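Fold and contact review
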Amino acid sequence: MRDDSHPLTRLGWSSFFHNQLEALGYGLEDIARVTSVRRGGFLVSQGKGETLVNASGALAHRQGLYPAAGDWVVLNGSVLCDVLPRRNALARGAAGARGKNDGAARREQVMAANLDTVLIVCGLDQDFNPARIERYLTLIYNCGLRPAIVLTKADLHPAPADCGVEIEAMAFDVPIHLISAADQTGLAELEPYIAPGNTIALIGSSGAGKSTLVNRLAGKEVRLAGAVSQSDGKGIHTTTSRDMVFMPQGGMIIDNPGIREVAFLDDQGGVDAAFPDIELLAKDCRFSDCSHAHEPGCRVLSAVDSGELKPERFASWRKMKRELEYAAQRQIKNPERIEKERWKGVATLVRSIKKNRKLGGK
Ligand SMILES: Nc1nc2c(ncn2[C@@H]2O[C@H](COP(=O)(O)OP(=O)(O)O)[C@@H](O)[C@H]2O)c(=O)[nH]1
Ligand SMILES: [Mg+2]
Ligand SMILES: [Zn+2]
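This report concerns the structure included in the present document. In this numbering scheme, every chain counts its residues from 1 along its sequence in written order. Working convention: letters from A go to chains and numbers from 1 go to ligands, in the order in which they are written. Selection of residues for local features in this predicted model requires a pLDDT of at least 70, selection of side-chain atom pairs for listing and counting requires 80 or more, and totals for whole chains, interfaces and linings are taken over all residues. Excluding hydrogens and water, the side-chain figures rest on all heavy atoms present in the structure.

Structural notes on the site of ligand 1
One heavy atom within 4 Å of a molecule or strand is enough for the residue carrying it to be called near that molecule or strand. With respect to spatial proximity, 18 residues lie near ligand 1, and among them D155, A181, G207, K210 and T212 are the closest. Pairing of N or O atoms within 3.5 Å defines a polar contact, subject to two protein rules: one partner must be a possible hydrogen donor and the other a possible acceptor, and residues neighboring in sequence count only if both atoms are side-chain atoms. A distance of 2.8 Å separates a nitrogen atom of ligand 1 from a polar atom in the side chain of D155. Take A182: an N or O atom from its main chain is 3.2 Å from an oxygen atom of ligand 1. The Shrake-Rupley method, run with a 1.4 Å probe sphere, supplies the accessible areas, and residue values consider only the shown protein chains as cover. Burial of ligand 1 by the protein amounts to 83% of the accessible area it has alone, namely 580 Å². Labels follow the DSSP assignment, with helices taken as runs of H or I lasting at least four residues and strands as runs of E lasting at least two, numbered in each case from the N terminus. With 3 residues, the top contributor of residues to the shell around ligand 1 is helix α6 (residues 210–218). Residues belonging to the shell around ligand 1 are distributed by class as follows: 6 nonpolar, 9 polar and 3 charged. Any residue outside Ala, Val, Leu, Ile, Met, Phe, Trp, Tyr, Cys, Pro, Asp, Glu, Lys and Arg is labelled polar, Gly included; the first ten of those are nonpolar and the last four are charged.

Some words on the layout of surface pockets
A 1.4 Å probe that fits but cannot get out identifies a cavity on a 1 Å grid over protein atoms alone, an open set with protein on both sides within 12 Å along at least five of seven lines counts as a pocket, and a residue lines either if it has an atom within 4 Å of a point. Grid points are joined across faces, edges and corners, and a volume is the space filled by probe spheres set on the points. Here the second largest pocket is characterised by a volume of approximately 390 Å³. Lining the second largest pocket are 13 residues, with E134, M170, K310, E312 and R313 positioned closest to its centre. Of all the secondary structure elements, the ones that give two or more residues to the lining of the second largest pocket are α4 (130–142), α5 (160–171) and α10 (311–329). For the lining of the second largest pocket, the class distribution of residues is 5 nonpolar, 1 polar and 7 charged.

A look at α6
Any residue under 20% of the maximum accessible area for its type is buried, any over 50% is exposed, and the rest in between are partly exposed; the area is computed with a 1.4 Å probe on protein chains only. When you tally the buried positions in α6, you get 7 out of 9 residues, the bulk of the element. Residues of α6 that are buried make contact with β8 (117–123), β9 (147–152), β11 (199–203), β12 (244–246) and β13 (252–255). Contact criterion: two residues are considered in contact whenever any of their non-hydrogen atoms come within 4.5 Å of each other.

Quick look at the sheet that holds strand β3 (residues 50–55)
Pairing between strands is defined by DSSP: at least two bridges between the two strands are required. Spatially, β1-β2-β3-β5-β4 is the arrangement adopted by the 5 strands of the closed barrel, whose pairing is mixed. In this sheet, neighbouring strand axes are inclined to one another by 55° on average, regardless of whether the strands run parallel or antiparallel. Across 4 bridges, strand β4 (residues 72–76) lies against strand β5 (residues 79–83) in antiparallel orientation. Directly across from V74, in β5, lies its bridge partner D82. Helix axes are fitted only over the stretch in contact, all axes being lines through C-alpha atoms; the angle between N-to-C directions runs from 0 to 180 degrees.

Keep in mind that these numbers describe shape and distance, not what the molecule does.
The following block contains the structure:
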């Protein structure tokens, strides 16, 4: 669909979703986008204001289809009755599930759907933590999403550029933006991410500076930004809802889609994508299935010995691999797999139609 005047286009509607409509039997007038997930229902928009709706009972029982912020949904009057297949989704295991041997680890939770970019926001105060950025990168890659890194509060650091260089060394091709919301430097670099129709999500720890960033980009106070709590040094949770903010630039920002703890889904190649230096070395290991633990002729271990690969870097790779192995054992479903399962039926149908055509044509 290339009808720029349609109100849904402003919300990010694209041919990807439009092409599904006919097969699913829905009309464009039934479509809305979820802008907020509330205790009492869902806020949705069709391009003119927002309305509160409830999910149908049938939808509530379909696993993996609980609507998230950014989802395109189908309305039947004021009832949300279906979720359109997602282009992508930011998802993790249920909060607090890491390391616990209960059913919670199996449940994956979609935090935000249909995103163009995920911005990792990290403050250059006590929040600065390269290992955490690595974890976020892996999560984003595993979800098939595109990351960018925002190092904010540059005004609080004596040598902010050094932090940029340090992150650059581990994040390779990921764009890095050094900004300060306080003195408004570097903000212009972020404008392309929120160009008309684009949707981004901001992730980062509480107190990192996400809401302040949204406010500066919006040019007014649209989010509640809070001080870092004095008592425990952790940020107080000033962001309780998962709201989508409509930016004057024409794009949409989902501020803080509820990550408190990154619990990993099974490895979709995300670790390798986040550690291309180690992957490159591993190509020269004597054994192709080398685990880089004790094997003779291991190129990765020799690089650690020679100082070519930093021991901390190697340690965080090992830690990540261990966590992913653990998560994989839990048989967690990822959103991509849920989508695949959903479409398997359709694909089988299409194949059988093609086959019949071929046979008929002979
Ligand atoms: N000095 C400085 N403080 C900032 C900056 N950005 C945010 N802050 C402060 O950091 C605290 C947490 O910010 P907030 O936006 O609420 O973080 P959030 O939890 O990630 O949304 C607030 O006290 C902000 O005023 C910045 O660029 N420089
Ligand atoms: Mg906030
Ligand atoms: Zn090896």
